[in-house]
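One letter stands for each residue in the lines below.
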Amino acid sequence: MNEIEIAEWNHWFQKYVLPVFDFNHRDEYYEKLKIIQPPFYPKFWIAEKFYEKIKNDSRFDEELKLFFAFLYSCGFFMEFIISFEEWISMPNWINPANPSIIEESILLTLNQPNGLKYLKSRLRWLPYINRVDGN
């Protein structure tokens, strides 16, 4: 993998994921979500609960753990009727509803050189959180 740009990931992560875990500014965040109406709506209490389950998982860095908890809180796994462990092992993790999308699983990607950056660059554009009707 060549040089991978994750500026978009960083911007998106700061704008949408971190505020879910920021108790002091949570109300402002949810007011902003009402205005911009993204295609997802994280529930902080669910994100916090899921984060508690995976916070010690050494397979992932802190940003990925927070992102996974965010995704869980938005109903991603419930919509596709899959577990977190199934998702990180599947070849169509980008869109679990489309079995024709095949690439290395999240777990295999993380074991590649620059795998973490590559994964973040792909997760930023995950169709579930980047639908046409959202920002």
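This text goes with the structure placed above it.
Residues numbered from 1 in each chain as written. Predicted model: local features only at pLDDT ≥ 70, side-chain atom pairs only at ≥ 80, totals over all residues. Heavy atoms only, no water.

Comments concerning the overall build of the chain
- Within the chain, the secondary structure is distributed over 8 helices and 0 strands.
- On C-alpha atoms alone, the chain measures out to a radius of gyration of 15 Å, which is about the 14 Å that the 2.2 N^0.38 rule sets for 135 residues.
- Considering only C-alpha atoms, the chain reaches an extent of 40 × 30 × 25 Å along its principal axes.
- Taken across its 135 residues, the chain has 44% of its residues classed as buried.
- Here the analysis covers contacts within the chain between residues at least 6 apart in sequence; of these, 56% occur between residues at least 24 apart.
- Of the accessible surface of the chain, which amounts to about 7,700 Å², a share of 54% is contributed by carbon and sulfur atoms.
- When the 15 positive and 19 negative side-chain charges of the chain are each reduced to one mean point, those points stand 3 Å apart. (Helix = DSSP H or I, 4+ residues; strand = E, 2+ residues; numbered from the N terminus. Rg over C-alpha atoms; globule rule 2.2 N^0.38 Å. Buried < 20%, exposed > 50% of the residue type's maximum accessible area, 1.4 Å probe, protein only. Contact = heavy atoms within 4.5 Å. Areas by Shrake-Rupley, 256 points an atom, 1.4 Å probe, with all protein chains shown as cover. Lys, Arg positive; Asp, Glu negative; His and termini not counted. Charge placed at Lys NZ, Arg CZ, Asp CG, Glu CD.)

Quick word on the environment of Leu-107
- When you line up the elements, Leu-107 lands in helix H7 (residues 106-110).
- Each residue touching Leu-107, except ones within four places of it in the same chain, is listed here: Arg-59, Phe-60, Ile-88 and Ser-89.

Examining the packing of aromatic side chains
- Enumeration over the complete set of coordinates arrives at 31 aromatic pairs.
- With 5.4 Å between their ring centres and 75° between their planes, Phe-50 and Phe-84 make a pair best called edge-to-face. One end of the pair, Phe-50, is in helix H3 (residues 44-54); the other, Phe-84, is in helix H6 (residues 84-89), and 34 residues separate them in sequence. (Phe/Tyr/Trp six-rings, centres within 6.5 Å; stacked < 30°, edge-to-face > 60°.)

What to know about the side chain of Arg-26
- Within the fold, Arg-26 resides in helix H2 (residues 26-36).
- Of note is the side chain of Arg-26, whose polar atom sits 2.6 Å from the side chain of Glu-48. (Polar contact = N/O pair within 3.5 Å; in protein donor to acceptor, adjacent residues only side chain to side chain.)

Things to note about the pattern of salt bridges
- The tally for this structure, following the rule as stated, stands at 9 salt bridges.
- Of the charged contacts, one joins Glu-48 and Arg-26 as a salt bridge, the two residues approaching to 2.6 Å between their closest N and O atoms. Of the two residues, Glu-48 is situated in helix H3 and Arg-26 in helix H2; the sequence distance between them amounts to 22 residues.
- Residue Lys-120 is joined to Glu-63 by a salt bridge in which the shortest nitrogen-to-oxygen separation is 2.7 Å. Of this pair, Lys-120 sits in helix H8 (residues 115-123) while Glu-63 sits in helix H4 (residues 62-73), and the two are 57 residues apart along the sequence.
- On the accessibility criterion, Lys-120 (5% relative accessible area) is buried. (Salt bridge = Lys/Arg side-chain N within 4 Å of Asp/Glu carboxyl O.)

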